[in-house]
Amino acid sequence: MKVTFEINGAEKSVDVEPRTLVVDLIRTKLGMTGTHIGCDTSNCGACTVLLDGRPVKSCTLLAPMLEGKKVTTVEGLATGGKLDAIQVGFHEEHGLQCGFCTPGMMLVGKALIEANPHPTEDEIRWGISGNICRCTGYMNIVKAIQHAAAANAAENTAGVA
Amino acid sequence: MFPAAFDYIAPSALDEVLGLLNEHGDDAKVLAGGQSLIPLLKLRFAAPVVVIDIGGVDGLEGIRRENGHVRIGARTRHRDVESAVDLRGTLDVLLDAAPLISDPLIRNMGTVGGSICHADPAGDWGAVMLAVGAEFVVKSGSGERVLPAAGFFEGPFTTGLHANEVMTEIRIPVGAGRSGGTYLKLERKVGDFASVATAVHIVLGDDGRVATAGIGLCAVGAHSIKATAAEAALVGQEPTDAVIADAARLAGEAAEPKADIRGSAEYKRDVARVFVQRGLHTAVNRAQGAAA
């Protein structure tokens, strides 16, 4: 069947079997391998993408459910060679070690600070509770999201001034 | 992992859904948020011939108050209950339960009606709906039925919903009187299914006595359990420590837990008792603090 959706701002129309999982569609059909397969059982969050702006687990979505929707993957974060604030945060605060969870963590972090521009540490930890990192102990991931929130706040203040 | 092959249909109107259910019956599965169904498809515990995606059907989402009820569209996401803060003071137990369901990403997709119809014995909404005395509106080609939550859950993943029916709405009565409730959940880690969870919801009359009491137990039996003897022990009584302790004891006795990696049967039964006791104290405090 044909499914038409937007991914990272570009419209795609693909032929898929209905049983295709979104994570497989993205990685195999579209060749975008930034979205990872970790547990494949809705637990780890490595496959996180944004669906109409909300983070969801793409291993637990069927491709036809994307019809008419907007998807953002980690490849869609940087625009015109400029890193998104969340990517800068992870870079500056060293919010990763092996990097496997990082695409999911960044997408969750980005959605979190868009919905709540000044999250507390508790709110950040709650927000990333569906994403597992087995390296960092989460400290620097929290700092990275705080860094991005602060950078966004500074930019907005500068815009007003 | 990926599912066995199926035909996928995404109707835009409820009538079309009902027609398809009539045609395919047990061969069809309704897909709402997919957070329970898709894992089952991937594990091939379920292999329907037809998957009917109701994601494009209008009128199945949202929370509104009408005619003494809070009405929740069956496809309303857990996340949207979590953020329905105006339910605080009326249906505390819903607001307390929603953020404890799985994790934030699952709550962004998973739906209230889907979870209820899936009827996992460890599903959170079942116990909550039993506690608040919800009714489920279900539709088929031959009309509409309104099923009380009490009696709806028949066994693991088994409900009173017929193969040609789809749930469209959850109705929760919110009458006069001061109400309070809460949901307490023991889980091994964030996002896990409950080891034990309990939902309580009480309404106090003008005389300070318990007018109605609802207690639902999660993950301590073959299905969500309504602790009716414990409820009856509260109604008409002043909610003293002794009355609450006695009701909690009866709730513990209503549990039918099985030992597994999450704990022994005795342990789970006692957690149910303790949680109902704590929950009732919270519920009473909230009700007493609430405006009439």
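Each chain has its residues counted from 1, running along the sequence as written. The naming scheme follows written order: chains are lettered A onward, ligands numbered 1 onward. Side-chain atom pairs in this predicted model are given and counted only at pLDDT of 80 or more, local residue features only at pLDDT of at least 70, and totals for whole chains, interfaces and linings cover all residues. Excluded from the side-chain calculation are hydrogens and water; included are all heavy atoms of the structure.

1. Re the packing of helix H9 (residues 241-254) of chain B against helix H10 (residues 265-289) of chain B
Residue and element names in this part refer to chain B.
Turning to step 1, where the next piece is worked out: Every axis in this analysis is a line fitted to C-alpha atoms, fitted for helices over the stretch in contact. Angles between the N-to-C directions lie between 0 and 180 degrees. Numbering goes from the N terminus for both helices and strands, where a helix is a DSSP run of H or I of at least four residues and a strand is a run of E of at least two. Their axes nearest at 8 Å, the elements H9 and H10 cross at an angle of 145 degrees. By crossing handedness, the relation of H9 to H10 is classed as right-handed. Together, Asp241, Ile244, Ala245, Ala247, Ala248, Arg249, Ala251, Gly252 and Glu253 of H9 and Arg269, Arg273, Val276, Gln277, Leu280, His281 and Val284 of H10 make up the contact between the two elements.
Turning to step 2, where the next piece is worked out: Amino acids are sorted into nonpolar (Ala, Val, Leu, Ile, Met, Phe, Trp, Tyr, Cys and Pro), charged (Asp, Glu, Lys and Arg) and polar (every other residue, Gly among them). When grouped by side-chain class, the residues that make up the contact of H9 with H10 number 8 nonpolar, 3 polar and 5 charged. By definition, any crossing whose near helix is turned counterclockwise from its far helix by less than a right angle is left-handed, and any crossing with a clockwise turn is right-handed. Contact between two residues is taken to exist if any of their heavy atoms lie within 4.5 Å; hydrogens are not considered.

2. Some words on a nonpolar patch on the surface
Turning to step 1, where the next piece is worked out: A cluster of nonpolar side chains, contributed by Met1, Leu43 and Phe45 of chain B, occupies part of the molecular surface with about 330 Å² of accessible area.
Turning to step 2, where the next piece is worked out: Throughout, exposure labels follow a simple rule: accessible area from a 1.4 Å probe, protein chains only, divided by the maximum for the residue type, with under 20% read as buried, over 50% as exposed, and the rest as partly exposed. The partly exposed category is assigned to Leu43 of chain B, whose relative accessible area is 43%. Only residues whose relative accessible area exceeds 30% and that take part in no salt bridge are eligible for patches, with like-charged residues grouped when within 9 Å of each other and nonpolar side chains (Val, Leu, Ile, Met, Phe, Trp, Tyr) grouped when within 5 Å. Residue burial considers only the protein chains on display, and all accessible areas are found by Shrake-Rupley using a 1.4 Å probe. The term salt bridge refers to a pairing of a side-chain nitrogen on Lys or Arg with a carboxyl oxygen on Asp or Glu at a separation within 4 Å.

3. Let's talk about the domain arrangement of chain B
Size of an interface, as often reported, equals the accessible area lost when the parts are brought together.
Turning to step 1, where the next piece is worked out: Where each domain starts and ends follows an automatic or database-derived domain assignment. Each domain of chain B was delimited in the assignment, giving domain 1 (7-53), domain 2 (63-173) and domain 3 (178-289).
Turning to step 2, where the next piece is worked out: Summarising the inter-unit geometry, the C-alpha centres of domain 1 of chain B and domain 3 of chain B are found 35 Å apart.

4. Re the interface of chain A and chain B
Turning to step 1, where the next piece is worked out: Listed as interface residues are 27 residues of chain A and, on the opposing side, 33 residues of chain B.
Turning to step 2, where the next piece is worked out: The term buried area refers to how much accessible surface (probe radius 1.4 Å) is lost by two components on association, counted for both of them together. Buried surface at the junction of chain A and chain B, both sides included, amounts to about 2,300 Å², of which 64% is carbon and sulfur.
Turning to step 3, where the next piece is worked out: The largest share of the area that chain A buries against chain B comes from Arg19, Arg54 and Trp126 of chain A, three residues that together contribute 27% of it.
Turning to step 4, where the next piece is worked out: At the boundary of chain A and chain B, one finds 3 salt bridges.
Turning to step 5, where the next piece is worked out: Pairs of N or O atoms within 3.5 Å make up the polar contacts considered here, provided that, within protein, one atom can donate a hydrogen while the other can accept it, and that residues adjacent in sequence are counted only when both atoms are side-chain atoms. At the boundary of chain A and chain B, one finds 8 residue pairs in polar contact (both at pLDDT 80 or more).

5. Re the pairing of strand E5 (residues 69-73) of chain B
Residues and elements named next belong to chain B.
Turning to step 1, where the next piece is worked out: The buried fraction of E5 amounts to 4 of the 5 residues, a majority that puts the element mostly inside the structure.
Turning to step 2, where the next piece is worked out: Pairing of strand E4 (residues 63-66) with E5, which is carried by 4 bridges, proceeds in the antiparallel orientation. The partner of Arg65 across the bridge, within E5, is Val70.
Turning to step 3, where the next piece is worked out: Note on pairing: DSSP must find at least two bridges between two strands before they are called paired. Inspection of the sheet shows E5 paired to strand E10 (residues 166-173) by 5 bridges, in the antiparallel sense.

6. As for helix H1 (residues 22-29) of chain A
Residues and elements named next belong to chain A.
Turning to step 1, where the next piece is worked out: Along H1, the positions that sit buried rather than exposed are Val22, Val23, Leu25 and Ile26. Considered in projection along H1, the buried side chains sweep an arc of 165 degrees and stay on one side of the axis. Facing away from the buried side of H1 by more than 90 degrees, the exposed set consists of Thr28 and Lys29.
Turning to step 2, where the next piece is worked out: For H1, the secondary structure elements touched by its buried residues are strand E1 (2-7), strand E2 (10-15), strand E3 (48-51) and strand E5 (70-72).
Turning to step 3, where the next piece is worked out: Phi turns positive one or two residues past the end of H1, at Gly31, with a value near 65 degrees. The directions considered for the arc run from the helix axis to the C-beta atoms.

7. Re the environment of Ala176 of chain B
Turning to step 1, where the next piece is worked out: In this structure, Ala176 of chain B sits in the loop between E10 and strand E11 (178-186).
Turning to step 2, where the next piece is worked out: It is 34 Å that separates the C-alpha atoms of Ala176 of chain B and Asp103 of chain B, two residues lying 73 residues apart in sequence.

8. Remarks on the nonpolar core
Turning to step 1, where the next piece is worked out: Nonpolar cores are built from buried Ala, Val, Leu, Ile, Met, Phe, Trp, Tyr and Cys residues. Side-chain atoms within 4.5 Å join them into one set. Formed by 41 residues in total, the largest nonpolar core has its most connected members in Leu94, Ile116, Trp125, Met129, Phe136 and Ile170 of chain B.
Turning to step 2, where the next piece is worked out: No other element matches helix H7 (residues 124-132) of chain B, which puts 7 residues into this core.
Turning to step 3, where the next piece is worked out: Both of domain 2 (63-173) and domain 3 (178-289) of chain B provide at least three residues apiece to this core.
Turning to step 4, where the next piece is worked out: When near neighbours in sequence (up to four residues on either side) are disregarded, Met129 of chain B contacts Val112, Ile116, Ala134, Phe136, Ala149, Ile170 and Ile172 of chain B.
Turning to step 5, where the next piece is worked out: In this structure, Cys47, Leu66 and Val71 of chain A together with Leu37 of chain B belong to the second largest nonpolar core, which totals 32 residues.

9. Comments concerning helix H3 (residues 102-115) of chain A
Residue and element names in this part refer to chain A.
Turning to step 1, where the next piece is worked out: Take the residue count of a helix, subtract one, and multiply by 1.5 Å to get its expected span. Look at H3: 20 Å from first C-alpha to last across 14 residues, which is about the 20 Å you get at 1.5 Å a residue.
Turning to step 2, where the next piece is worked out: The buried fraction of H3 is high, at 12 of 14 residues.
Turning to step 3, where the next piece is worked out: Buried residues of H3: Thr102, Pro103, Gly104, Met105, Met106, Leu107, Val108, Gly109, Lys110, Ala111, Leu112 and Ile113, and no others.

10. Concerning the sheet that holds strand E2 (residues 28-31) of chain B
Residues and elements named next belong to chain B.
Turning to step 1, where the next piece is worked out: Spatially, 3 strands are ordered E1-E3-E2 in an open sheet, and the strand pairing comes out parallel. The open sheet has two edge strands with one neighbour each: strand E1 (7-9) and E2. The sheet shows a mean angle of 25 degrees between the axes of neighbouring strands, taken without regard to direction.
Turning to step 2, where the next piece is worked out: Sheet topology places E2 next to strand E3 (residues 50-53); 4 bridges connect them, and they run parallel. Its bridge partner lying in E3, Leu31 is registered against Asp53.

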